[in-house]
Amino acid sequence: MIRKRWCALAVAALVTGNTWAQTPLPSQPPPTSSSVIVIPEKSGSVRLIQYGEKPPTIPGQPAPAEQPRLAEEQAPAEGGEGPLGPTPPENLGFLQTDAMKDARLNIFGWFDFGYTSASNGKGILPVETRENRFGNEFLFNQIAVVIERTLDPENLSFGFRIEPYGGADAALLNPLGSVEKHPDPRFGFDFRQLYLSAHLPILTDGGVDVKAGRMYTVIGYESAMAPYRPFYSNDYQWFYAQDGANTGIQTNWHVTPQLNWINGLTMGANTFFTERGESDVYYTQINYWLQEEKNTLLSFTLFTGDQAFISAGNWATVIEFRIQQNWSKYLTQIIQSDEGWEHNVPGLGDTQFQSLYNIFVDHLSCTWDLTNRIEWFGDSEGARTGFKTAYEEITVGADWHPAKWVQVRPEIRWDYANDARVWRHGQDHYDLTAAVDCLLKF
């Protein structure tokens, strides 16, 4: 009955435009004569483009995969020095013909693999890092193929996205109701996204975009998918405070060229057409650019409901505040904080956690980015990580992209926990990792 209910809702979303007219919700650009904001989900970071222009690169965060893209090359940076930042795989166009462009169809994908050396030794690391969670070991993280039909942001249009992927990350992120029920920890298979979409030219000039199915989450700047995050490893907030991907219905109302309002209902955190809790989860996100030039983004997100994130309790709520500042074409800063509450956790009662991080992404040249992340995550009651302690991490990395289809990302990461029992040896308060991954896009 649950699967039938969501299938029926998905069909309704695509057939009856006015059904959604009173429910402003998710992600796609508005068809205005000026600028448009594209809101990704994966990771929750924000992408903007100007209609009629080639898609720019937001430092450290290539265009998110779940959004419709213009399959064109990035615009050259000022001074004729070429594009800055890595090229998103959807913009390569290796598998896209002119006929496919006319039909708004695209096929693309990527491979991601890497090696991590850890001071805690060989084997799976107890808390962090993610996705490179095996110490002193080579890991094949992702092989992904995307088939999508994007939306026309100026007219009534319909689309879809099919995103199967395999590897160690598919095993790590295995959803409830997964295609593969018991994956090997080093290689699994699943669908990261599988949805239908529609653009409805209603309410405002920007219109409303609707999605129904399994899709990336809107919360968080960093993503689970390798091309859409600036580091090989990921942050504590991403793994312990966010829902990753979910199944549900989502709308994105492009209120103005500077304001997007997203709303949605999901079947719980990290699900594949299967209800995780006893009721649906509601979420909303407001993204507002302070200037027409889109230099400063203010973002607020709320998730609340039974299993809003994977929890041992019966109700969970998380709120997120994010500021994204493009200081120049060379430098972007992201400040993000997630605060969460869990109710009726067995043995603990009501619990909460707090977190904060800062990310800098600096384009040193057309082929080199320098990245830095500093994070604090407070789990004083141990409901999220299993240890009643606070964590700090500092990551320094680089992104070398000598060609559009390849990225190499070395990093050094230092994690510290007040409780020494967190790490394998039970004596040191820290874990030091040195890692590098290679991302091949097609």
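Residues numbered from 1 in each chain as written. Predicted model: local features only at pLDDT ≥ 70, side-chain atom pairs only at ≥ 80, totals over all residues. Heavy atoms only, no water.

(A) Representation of the overall build of the protein chain in the model. Within the protein chain, the secondary structure is distributed over four helices and 20 strands. Buried residues in the protein chain amount to 61% of all 442 residues. If you take every contact in the protein chain between residues at least 6 apart in sequence, the share linking residues at least 24 apart comes to 61%. When the accessible area of the protein chain is evaluated, it comes to approximately 16,000 Å², of which 63% is carbon and sulfur surface. (Helix = DSSP H or I, 4+ residues; strand = E, 2+ residues; numbered from the N terminus. Buried < 20%, exposed > 50% of the residue type's maximum accessible area, 1.4 Å probe, protein only. Contact = heavy atoms within 4.5 Å. Areas by Shrake-Rupley, 256 points an atom, 1.4 Å probe, with all protein chains shown as cover.)

(B) Local environment of unusual backbone geometry. Positive phi is not limited to glycine here, since Asn 136 has a value of about 55 degrees. Looking at where Asn 136 falls in the secondary structure, it is placed in the loop between β5 (134-135) and β6 (137-149). The exposure class of Asn 136 is partly exposed, given its relative accessible area of 28%. For Asn 270, which is not glycine, the phi dihedral falls at a positive 50 degrees. On the secondary structure map, Asn 270 appears in the loop between β11 (259-266) and β12 (281-289).

(C) Focus on the pattern of salt bridges. Scanning all chains against the criterion turns up 13 salt bridges. Ionic pairing is found between Arg 161 and Glu 163, a salt bridge with its closest N-O pair at 2.8 Å. Since its relative accessible area comes to 0%, Arg 161 is described here as buried. For Glu 163, a relative accessible area of 0% corresponds to the buried category. Among the salt bridges present, the one from Arg 421 reaches Asp 419, with a minimum N-O distance of 2.7 Å. A single network of salt bridges, built from pairs that share partners, joins Glu 222, Arg 373, Glu 393, Arg 413 and Asp 415. (Salt bridge = Lys/Arg side-chain N within 4 Å of Asp/Glu carboxyl O.)

(D) Region of the structure containing a nonpolar patch on the surface. Together, Leu 364, Trp 368, Leu 370, Ile 374, Ile 394, Val 396, Trp 400, Ile 412, Trp 414, Tyr 430 and Leu 432 make up a nonpolar patch on the protein surface, roughly 1,000 Å² of accessible area in all. At the level of elements, β17 (368-379), β18 (389-403), β19 (406-417) and β20 (430-441) are the ones that each hand at least two residues to the nonpolar patch. Within the secondary structure, Ile 394 sits in strand β18. For Ile 394, a relative accessible area of 36% translates into the label partly exposed. (Patch = residues over 30% accessible without salt bridge, like charges linked within 9 Å, V, L, I, M, F, W, Y side chains within 5 Å.)

(E) Inspection of the pairing of strand β9 (residues 208-216) at higher detail. Taken across its nine residues, β9 has nine buried, putting it largely inside the fold. Alignment of strand β8 (residues 188-200) against β9, held across seven bridges, turns out to be antiparallel. Of the residues in β9, the one forming a bridge with Tyr 195 is Gly 213. Looking at chain direction, β9 and strand β10 (residues 245-256) are connected through nine bridges and run antiparallel. Considered in β10, the bridge of Met 215 is made with Asn 246. (Pairing = 2+ DSSP bridges.)

(F) View of the nonpolar core. In this structure, Val 127, Tyr 236, Phe 303 and Tyr 391 are the most contacted members of the largest nonpolar core, which totals 22 residues. Those elements that provide at least two residues to this core are α4 (236-240), β12 and β14 (315-326). The contact partners of Tyr 391, leaving out residues within four places of it in the chain, are Val 127, Tyr 236, Glu 375, Trp 376, Phe 377, Asp 379, Thr 385, Tyr 416, Ala 417 and Val 422. Grouped together as the second largest cluster of nonpolar side chains are 15 residues, Trp 110, Leu 172, Tyr 228 and Leu 439 included. (Core = buried A, V, L, I, M, F, W, Y, C linked by side-chain atoms within 4.5 Å.)

(G) Looking closely at the pairing of strand β3 (residues 105-118). Here β3 pairs with β6 via 12 bridges, running antiparallel. Looking at the pairing, Thr 116 lines up with Glu 137 of β6. As judged from the nine bridges shared by β3 and β20, these two strands associate in the antiparallel manner. For Thr 116, the partnering residue across the bridge sits in β20 and is Ala 435.

So far we have only geometry, and geometry alone does not tell us how the molecule works.
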